Amino acid sequence: MSRASTVGVMALIFAVVAGVAGGAAGAELTRGPSAAEVQQASHEEMARRWQSWPAGKVFPPLLPYVAEQGGQENARRVGISSRTDCSAAVDVELRAALKAARCRAVLRATYLDALQGVVVTIGVAAFPDQASALRARAAFPPGGVPSPGLRALAFPRTVADRFTASARQASSLAQAGPYLVIATAGQVDGRPARSVGRQRSTIFAFTTDLEERIVRTLATPARPDCAGKDWQC
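Before going into details, it helps to say that this report is about the structure given with it. (Residues numbered from 1 in each chain as written. Predicted model: local features only at pLDDT ≥ 70, side-chain atom pairs only at ≥ 80, totals over all residues. Heavy atoms only, no water.)

Our focus in this paragraph is the layout of surface pockets. The volume enclosed by the largest pocket comes to roughly 280 Å³. In terms of lining, the largest pocket is formed by 17 residues, of which the most central are E68, Q69, D113, L115 and I203. For the lining of the largest pocket, the per-class residue count stands at nine nonpolar, four polar and four charged. (1 Å grid on protein atoms, 1.4 Å probe; cavity = no way out; pocket = protein on both sides within 12 Å on 5 of 7 lines; lining within 4 Å. Points joined across faces, edges and corners; volume = space filled by probe spheres on them. Nonpolar A, V, L, I, M, F, W, Y, C, P; charged D, E, K, R; others polar.)

Below is the structure:
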């Protein structure tokens, strides 16, 4: 075979190889996302909700709950904190645990029950994954003990302006996916917890309804929309 023929054959081989490689690359670029990629995109979209959703979507103006006497009532939102740093949202005893669990942010809002007798601060703590959220949850005291816990969020010149650290009387937790939702509650008159005698166990029971609705909304997977701006499939 002549040198010219050899060069021609080699050029043909390289062209075929390049064509196969180009075809494979084109197929990779034009194929739809795999099931694993869609699932990963769903997890990532969920983990970004604390940051990508408007504050009013995380904390809606009204949150329904089952009243102590039965029937459905609505807790009304008083306000939302502009601060999101983890250390400012909890008592000092819990800050190291949240840092170790790689807390990304804690969003807080305060609500009033329908009778305007109970004030509740709800905190949404965001973590990289479910395992981190579970580690942080283990640091909070069990049994509804409010301290150390989520710090009360009061708003001046509102009916919730007396809700301070000493006024916290109950606490509860809910966790799903990378989110830990904490509620701490007291009475609007600001009475210190230590001054309260034997308390009705049901007076703050509705707070679990509030936190569970929030965590369920945050951690429920959405139908993937790979063309949407919040999705990366």
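Now that the structure has been shown, the text picks up again.
What follows concerns the pairing of strand β6 (residues 179-187). Here β6 lies mainly inside the structure; nine of its nine residues are buried. Relative to β6, strand β4 (residues 118-126) is paired through nine bridges, and the arrangement is antiparallel. Opposite I122, over in β6, you have A183 as the bridge partner. Two elements, strand β5 (residues 170-176) and β6, share seven bridges in a ladder whose sense is antiparallel. For A176, the partnering residue across the bridge sits in β6 and is Y179. In textbook terms, the turn of a hairpin is the stretch between consecutive antiparallel strands, and for β5 and β6 this stretch comprises two residues, one of which, G177, has a positive phi near 55°. (Buried < 20%, exposed > 50% of the residue type's maximum accessible area, 1.4 Å probe, protein only. Helix = DSSP H or I, 4+ residues; strand = E, 2+ residues; numbered from the N terminus. Pairing = 2+ DSSP bridges.)

This next bit is on the packing of aromatic side chains. The final tally for this structure, using the stated rule, is one aromatic pair. Aromatic pair Y65 and F206: ring centres 4.6 Å apart, planes at 40°, arrangement tilted. Of the two residues, Y65 is situated in strand β1 (residues 62-66) and F206 in the loop between β6 and α8 (207-219); the sequence distance between them amounts to 141 residues. Taking relative accessible area as the criterion, Y65 reaches 6% and is therefore assigned buried. For F206, a relative accessible area of 6% corresponds to the buried category. Just above the ring of W53 sits the side chain of K57; from NZ or CZ to the centre is 4.2 Å. (Phe/Tyr/Trp six-rings, centres within 6.5 Å; stacked < 30°, edge-to-face > 60°. Lys NZ or Arg CZ within 6 Å of the ring centre and 35° of its normal.)

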